[in-house]
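Chain by chain, the residues run as shown.
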Amino acid sequence: MTDVRNLIIIGSGPAGYTAGLYAGRAMLNPIIFAGFSSGGQLMLTSDIENFPGYPQGIGGPEMMMELRSQASKFGCDIIDKNVDSVDLSERPFKVTVGNEVHLANSLIVTTGAEAIWLDAENEPTHKGRGISTCATCDGAFFRDKEVMVVGGGDSAMEEATFLTKFCNKVTIVHRREGLRASQIMIDRAKQNPKIAWKLNSKVKSWLGSEGSFEGAILLDTKTGAEEDISCDGAFIAIGHKPITDFLGGQVEMDQEGYILWKENSMTSVPGVFAGGDVVDTRYRQAITAAGMGCMAAIDAERWLEDNEH
Ligand SMILES: Cc1cc2nc3c(=O)[nH]c(=O)nc-3n(C[C@H](O)[C@H](O)[C@H](O)COP(=O)(O)OP(=O)(O)OC[C@H]3O[C@@H](n4cnc5c(N)ncnc54)[C@H](O)[C@@H]3O)c2cc1C
C-alpha cells in the first residue's frame, strides 16, 4: 500500500495527459498510469492535420511526447505500467498494478477504445498505411483516389458518404445482403453516384507489399467465388471496443462497455470520472478526447474540494 493520492489517472492518450496537465496545475499531484500503449492511439499515426495549433500538421508520436512533457512539467508522476484492476467499493479507491496497490480519493479513467479490425490475411502489413479505421482522420490523404469501406452499419454508411468528398470512388463491402444501418443513412449512400456496392462479400486478403497497398481479394459469401478488387486504400468500419474490462463492471456502462456519464463527467461511482474515447461513441477525435480530459480534471478538482480532500 502507498500514501493516499488525491487523484490517479488511468490512461495516457490525449484525454489522460490533458487531465494530468489540468490536475497538475491545480496542485493535485496526480499519478498517471500510462498503460500498455503509452501515448495512446495517436502513436500509430504519422500525420495529424486536424489538431488546433499545428498548421503544418504534426506526427502522432511527436504530439503525444509534447503532451506527456507538458503533463510532467506540472507535477504528474507518469508511470508506464498497466492497471490490472480497481476496487471502487469504498474510499480511498484501490488501484492494483502488478504487486502494488495504490490508493486514491478520486480516479479519472481515460483508457480509450480499440477499433475492431478484420484480421484478414496480410492486414498487419497495411495497418495505418493503406488501411485505416478513421475516415475523419485519414480521408483527406486519399484525395482523387479509389477506396473501399468495409461494414454495413451507420458508421460504414457515414464514413463512405464522407469519403466521397475526397475520393473518386468508394466501394462499400459488406458480408451480407442486408445492411444494419438506419434507412436514412442507407438511402443517402445509395443516392450517392460515387458509391459502389459489393454485398455478400468479405475481405479474404489484402493485396500489395509494405508501403504499397493495392486492394483486396474478396470472397463471395454465397458462392465462395474470389474476386480481386484494386483500390488505393481501405477503411474498416465494423465497430470499436472500449477498454473497460479492468473495471470489472463497477461503474455503469452501456451494452458495448462504454462508460456512462452521470453528472457532468462523473460516472455512477462518486469520485470516479471518465473522458475520451472510453465514453465517446460518436466523435472519437484527439481534440474531443483532450476536451473531455480537461472536463474530468476540473470536475474531479471540484468534487475533491466539496468532499474536503
Ligand atoms: C490510426 C489512427 C489515426 C488517428 N488519427 C487521428 C487524427 O488525425 N486526428 C484526430 O483527432 N484523431 C485521430 N485518431 C483518433 C484519436 O487517436 C483518438 O480519438 C484519441 O487518441 C482518443 O484519446 P483517448 O485519450 O481517449 O484514448 P487513447 O488515445 O486510446 O489512449 C488510451 C490510453 O489508455 C491506456 N490504457 C488502456 N488500458 C489501460 C490500463 N488498464 N491501465 C493503464 N492504461 C491503460 C493506453 O495505454 C493508452 O495510453 C486516430 C486514431 C487512430 C487509431
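Described in the following lines is the structure provided in the data block. Since the structure is predicted, the reported quantities are computational estimates derived from the model, not experimental observations. Residue numbers here run from 1 along each chain, matching the order of that chain's written sequence. Only residues with pLDDT of at least 70 are given local features in this predicted model, and only at 80 or more are side-chain atom pairs given and counted; all residues enter the totals for whole chains, interfaces and linings. Excluded from the side-chain calculation are hydrogens and water; included are all heavy atoms of the structure.

### Some points on the nonpolar core
Inclusion rule: The set of buried Ala, Val, Leu, Ile, Met, Phe, Trp, Tyr and Cys residues whose side-chain atoms join them within 4.5 Å is what this entry labels a nonpolar core. Relative accessibility thresholds used throughout: buried, under 20% of the residue-type maximum; exposed, over 50%; partly exposed, between the two (1.4 Å probe, protein chains only). Helix numbers and strand numbers start at the N terminus; a helix is a DSSP run of H or I with at least 4 residues, a strand a run of E with at least 2.
Formed by 26 residues in total, the largest nonpolar core has its most connected members in Leu7, Met63, Ile108 and Phe273. When contributions to this core are tallied by element, the ones reaching two or more residues are strand E1 (4–10), helix H1 (14–25), helix H2 (60–73) and helix H7 (286–306). Ranked by residue count, the leading element in this core is H7, at seven residues. In this structure, Ile8, Val95, Val251 and Ile259 belong to the second largest nonpolar core, which totals 23 residues.

### Quick notes on the site of the ligand
Stated formally: We call a residue near a molecule or strand as soon as one heavy atom of that residue lies within 4 Å of the molecule or strand. We call two N or O atoms a polar contact when they sit within 3.5 Å, provided that within protein one can donate a hydrogen and the other can accept it, with sequence-adjacent residues counted only if both atoms are side-chain atoms. Per-residue and other accessible areas were derived by the Shrake-Rupley procedure at a 1.4 Å probe size, with only the shown protein chains allowed to occlude residues.
Lining the immediate surroundings of the ligand are 33 residues, of which Ala34, Gln41, Asn50, Asp277 and Ala286 lie closest. One of the side-chain N or O atoms of Gln41 is found 2.8 Å from an oxygen atom in the ligand. For the ligand, the protein covers 96% of the area, taking 1,000 Å² as the surface of the free molecule. Put simply, the parts of the chain that give the shell around the ligand at least two residues each are H1 and H7.

### Considering the pairing of strand E6 (residues 100–109)
Within a regular beta strand, the side chains point alternately toward one face of the sheet and then the other, so they alternate between its two faces. Worth spelling out the cut-off: Should DSSP find at least two bridges between two strands, the strands are taken to pair.
Most of E6 is tucked away: eight of the ten residues are buried. In the sheet, E1 pairs with E6 via six bridges, with the strands oriented parallel. Within the sheet, the bridge partner assigned to Leu7 lies in E6 and is Ser106. In terms of strand pairing, strand E5 (residues 93–97) meets E6 through five bridges, oriented antiparallel. Considered in E6, the bridge of Val95 is made with His102. Sheet analysis places E6 next to strand E17 (residues 272–274), joined by three bridges and oriented parallel. Counterpart to Val109 in the pairing with E17 is Ala274.

### A few points about H2
Threshold: Each residue after the first adds 1.5 Å to the expected span of a helix. The directions considered for the arc run from the helix axis to the C-beta atoms. Contact between two residues is taken to exist if any of their heavy atoms lie within 4.5 Å; hydrogens are not considered.
With 14 residues, H2 should cover 20 Å at 1.5 Å per step; its first-to-last C-alpha distance of 20 Å lies within 8% of that length. All of the buried residues along H2 are Gly60, Met63, Met64, Leu67, Arg68 and Ala71. Buried positions in H2, seen along its axis, are confined to an arc of 140 degrees and lie on one side of it. Exposed residues lying more than 90 degrees from the buried face of H2 are Glu62 and Lys73. Contacts from the buried residues of H2 go to H1, strand E2 (31–33) and strand E3 (77–79). In the segment just after H2, Gly75 is the residue with positive phi, at about 100 degrees.

### Some remarks on the sheet that holds strand E8 (residues 131–132)
A sheet is described by the order of its strands in space; here five strands give the open sequence E8-E15-E9-E10-E11, paired in parallel fashion. This sheet does not close on itself; its edge strands, each paired only once, are E8 and strand E11 (195–198). Bridge count for strand E10 (residues 169–173) against E11 is four bridges, and the pairing is parallel. Each residue of the ladder has a partner; that of Val170, found in E11, is Ile195.

No statement about biological role is implied by the geometric values presented.
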